[in-house]
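The primary structure of each chain is shown beneath.
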Amino acid sequence: MIETGEILQTMRMIQEENFDIRTITLGINLLDCSHPDPAECAARVYDRICRKAENLVAVGNAIESEFGIPIVNKRISVTPVSWIAQNDPRPVAFALDRAAKEVGVNFLGGYSALMHKGATNADERLIASVPEVLSQTERLCSSINVASTRAGINMNAVREMGTIIKETAALTADSDGLGCAKLVVFANAVEDNPFMAGAFCGPGEPECAINVGVSGPGVVKAALESVRGEPFDIVAETIKRTAFKITRVGQLVAREASQRLHIPFGIVDLSLAPTPARGDSVAHILQEMGLEMTGAAGTTAALALLNDAVKKGGIMASNHVGGLSGAFIPVSEDIGMIEAVSAGALTLEKLEAMTCVCSVGLDMIAVPGDTPAEVISGIIADEAAIGMINNKTTAVRIIPAPGKKAGDRVEFGGLLGFAPVMPVNTFGNGDFIARGGRIPAPLQALRN
Amino acid sequence: MTKALISVTGLDTTGIIARISTKLYELNINILDITQTILGGYFTMMMVVDLDGAHMEFDKINQHLQTVSEQIGMTVHMQRMDIFDAMHRI
């Protein structure tokens, strides 16, 4: 029998410490929707999503109500559109956005291209359409993979993405460049990631799959409050225990959703995903370890411990772990990160160092609107290099906010939050980016 | 067996257990376990119940309980026991 103290602990985690299931994401294969006629392709895509995801939101809401655990988002990831759009991909994009609205999901990911070694004609068409598509759709998310440990870095794609990000910001200037918040540039993108904006349904995935992302930075922070002053051995153990509990609930929700929707369970993503709400911050966990502000000396070590302990605690709690799995460190979506940047404690360079030991990369970072495209490409190349060499996923989701300068503030609203505009190093790198070509795959690629 | 936890919290008054358990009886819901305490005039009760006898959807049962909740001025939550088992038992 469960003891009263255990019941109260669970209730406290949910009601006071912002524990929630961040997303149930339904992965849907669209490969057989491909058709040379863009309108026909779009119609097939729309029908497929509306049919497969018909009950997703209702089932998510029912589980939320019965188990008393908030399920914040219900989302969809689809096959990278560059694989199904044989011609103009834009009608497919608009169909995806309409389908997302029809089935009631707040984001749909997969307006994507995997071009870590090179671009197909379809990839080129898709990438060129990204600014227009993201400015004219509401719920569609786009991700482009430009590097991998196995293939190296496609520097032509890196160069192009700098320009695409600038164009996307310009076309969504009236909302502080919001389009860029829906666009991720990846190295080592994963196929079963349930989190936006980088979710897509990869080539190794089944026809459909349920992938669940858990969250709960507030729960970890609260647990660490009880071990103040203790050595790091105790800190790591406390995080592991908490991550185990959180992930067990993720596994339960994933299993229920899978059974009720008659769709196979894919993975649980063991991520700590913050929101702009107070008490839901990854930065505040780092500060609970003894740092005045995130960005202070020791931050990278604190994050490394956190990231590792979350995985160790979570791995035993789910029979399939995948996705990005780790601690996210977005700036605009985390009140502690926002405070640290505003106070001058956290810089872009420190964030880059932190991405070596965390789940993903430079995430939701606003930079001055006049940042040159090649500087953005350079930032992408640096992040991709970290991912490539360290066999990990890295990403860049950066917003060159039109008309804004360092120290200004941009507002995206909702889960996307707000962010202080961070200064960037603007020393020239034009000749470096202009070279193009490929940075060869590193020695780490040769593992056979 | 579909087990659920019903938690009832609020300022102590007469008839709380009576009103809740009467409603459960009307819905044919069997009570498996009750723990109850009063701290500083604050009433806290946790009931583990078996929902199978009700032959009714979870949301409908919950609506009935919320009606009682309003009548007695207490906060009443119901959630499936599975979440506690998942979190605290291997």
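Treat the numbers as computed from the prediction; the structure is a model and nothing was measured.

Draft legend 1. Focus on the overall build of chain B. When you go through chain B residue by residue, the secondary structure sums to 3 helices and 4 strands. When the helices and strands of chain B are read in sequence order from the N terminus, they spell out β-α-β-β-α-β-α. Projected onto its principal axes, the C-alpha coordinates of chain B cover approximately 35 × 30 × 20 Å. When burial is assessed residue by residue, chain B has 28% of its 90 residues classed as buried. Long-range contacts, defined here as pairs at least 24 residues apart, represent 68% of the contacts in chain B between residues at least 6 apart.

Draft legend 2. Spotlight on the interface of chain A and chain B. Taken together, the contact pairs 16 residues of chain A with 16 residues of chain B. At the level of elements, α1 (4-15), α3 (56-67) and α8 (232-261) of chain A are the ones that each hand at least two residues to the side of chain A that touches chain B. If you tally residues by element for the side of chain A that touches chain B, the top one is α8(A), at 5 residues.

Draft legend 3. Inspection of the sheet that holds strand β1 (residues 3-11) of chain B at higher detail. All names here are of chain B. Taken together, the 4 strands give an open sheet; going across it, the order is β2-β3-β1-β4, and neighbouring strands pair in antiparallel fashion. The open sheet has two edge strands, β2 (30-39) and β4 (75-80), and neither has a second partner. Going across the sheet, the axis of each strand differs from the next one's by a mean of 15°, ignoring polarity. Pairing analysis gives 6 bridges linking β1 to β4, with the strands arranged antiparallel. Its bridge partner lying in β4, Ser7 is registered against His77. Running at roughly 20° to strand β3 (residues 42-50), helix α1 (residues 16-26) makes contact with β1, β2 and β3 of the sheet.

Draft legend 4. Here's a closer look at the domain arrangement of chain A. Residues and elements named next belong to chain A. Domain boundaries in chain A define domain 1 (26-187) and domain 2 (214-434). In this structure, domain 1 and domain 2 have C-alpha centres spaced 22 Å apart. In this assembly, 37 residues from domain 1 lie in contact with 38 residues from domain 2. Those elements that place two or more of their residues in the side of domain 1 that touches domain 2 are β1 (21-28), α3, β4 (140-148), β5 (152-154), α6 (155-171) and β6 (183-187). Grouping the amino acids of the side of domain 1 that touches domain 2 by side-chain chemistry returns 25 nonpolar, 9 polar and 3 charged.

Draft legend 5. Just the nonpolar core, in detail. Residue and element names in this part refer to chain A. Ranked by size, the top nonpolar core spans 178 residues in total, and within it Leu96, Val146 and Val253 carry the most contacts. Counting residues per element, this core draws most heavily on α8, at 11 residues. Built from parts of two domains, this core gets at least three residues from each of domain 1 (26-187) and domain 2 (214-434). Once you skip the residues sitting within four places of it in the chain, Leu96 turns out to touch Val45, Val78, Leu108, Tyr111 and Leu140.

Draft legend 6. Spatial organisation of unusual backbone geometry. With an omega dihedral of 10°, the bond running from A:Met196 to A:Ala197 counts as a cis peptide bond. One can find A:Ala197 in the loop between β6 and β7 (208-214). The phi dihedral of A:Ser325 falls on the positive side, at around 40°, and the residue is not glycine. A count of 25 C-beta atoms within 10 Å places A:Ser325 in the buried class. Even without being glycine, B:Asn28 reaches a positive phi, approximately 60°.

Draft legend 7. Seen up close, the pairing of strand β10 (residues 362-368) of chain A. All names here are of chain A. Of all 7 residues in β10, 7 are buried; the element is thus mostly enclosed. Across 6 bridges, the pairing between β10 and strand β11 (residues 394-401) is parallel. Among the inter-strand pairings, Pro368 is bridged to a residue of β11, identified as Ala401. With helix α13 (residues 373-389) bridging β10 and the parallel β11, this β-α-β connection has right-handed handedness.

Draft legend 8. Local environment of α1(B). All names here are of chain B. The set of residues buried in α1 consists of Ile16, Ile20 and Leu24. Along α1, the residues classed as buried sweep out an arc of 50° about the axis, all on the same side. Residues of α1 that are exposed and point more than 90 degrees away from the buried face comprise Ala18, Thr22, Tyr25 and Glu26. Downstream of α1 by one or two residues, Asn28 has phi in the positive range, about 60°.

Draft legend 9. Structural context of the packing of helix α2 (residues 38-52) of chain A against helix α4 (residues 90-103) of chain A. Residue and element names in this part refer to chain A. At a minimum axis separation of 8 Å, α2 and α4 run at an interaxial angle of 20°. Considering the angle they form, α2 stands roughly parallel to α4. The two elements α2 and α4 meet at a crossing, and its hand is right-handed. Note on element contacts: α4 touches α2 through Pro91, Val92, Phe94, Ala95, Leu96, Arg98, Ala99, Glu102 and Val103, opposite Pro38, Ala39, Cys41, Ala42, Val45, Tyr46, Ile49 and Cys50. Among the residues forming the contact of α2 with α4, the class breakdown is 15 nonpolar, no polar and 2 charged.

Quick notes on the rules
Residues numbered from 1 in each chain as written. Chains lettered and ligands numbered in written order. Predicted model: local features only at pLDDT ≥ 70, side-chain atom pairs only at ≥ 80, totals over all residues. Helix = DSSP H or I, 4+ residues; strand = E, 2+ residues; numbered from the N terminus. Buried ≥ 20, exposed ≤ 12 C-beta atoms within 10 Å, placed from the backbone. Contact = placed C-beta atoms within 7 Å. Pairing = 2+ DSSP bridges. Axes fitted to C-alpha atoms, helices over the stretch in contact; angles between N-to-C directions. Domains from an automatic or database assignment. Nonpolar A, V, L, I, M, F, W, Y, C, P; charged D, E, K, R; others polar. Core = buried A, V, L, I, M, F, W, Y, C linked by C-beta atoms within 7 Å. Right-handed = clockwise from strand over helix to strand, strands pointing away. Arc of directions from axis to C-beta. Parallel < 35°, antiparallel > 145°, perpendicular 65-115°, else oblique. Left-handed = near helix turned anticlockwise from the far one by under 90°.

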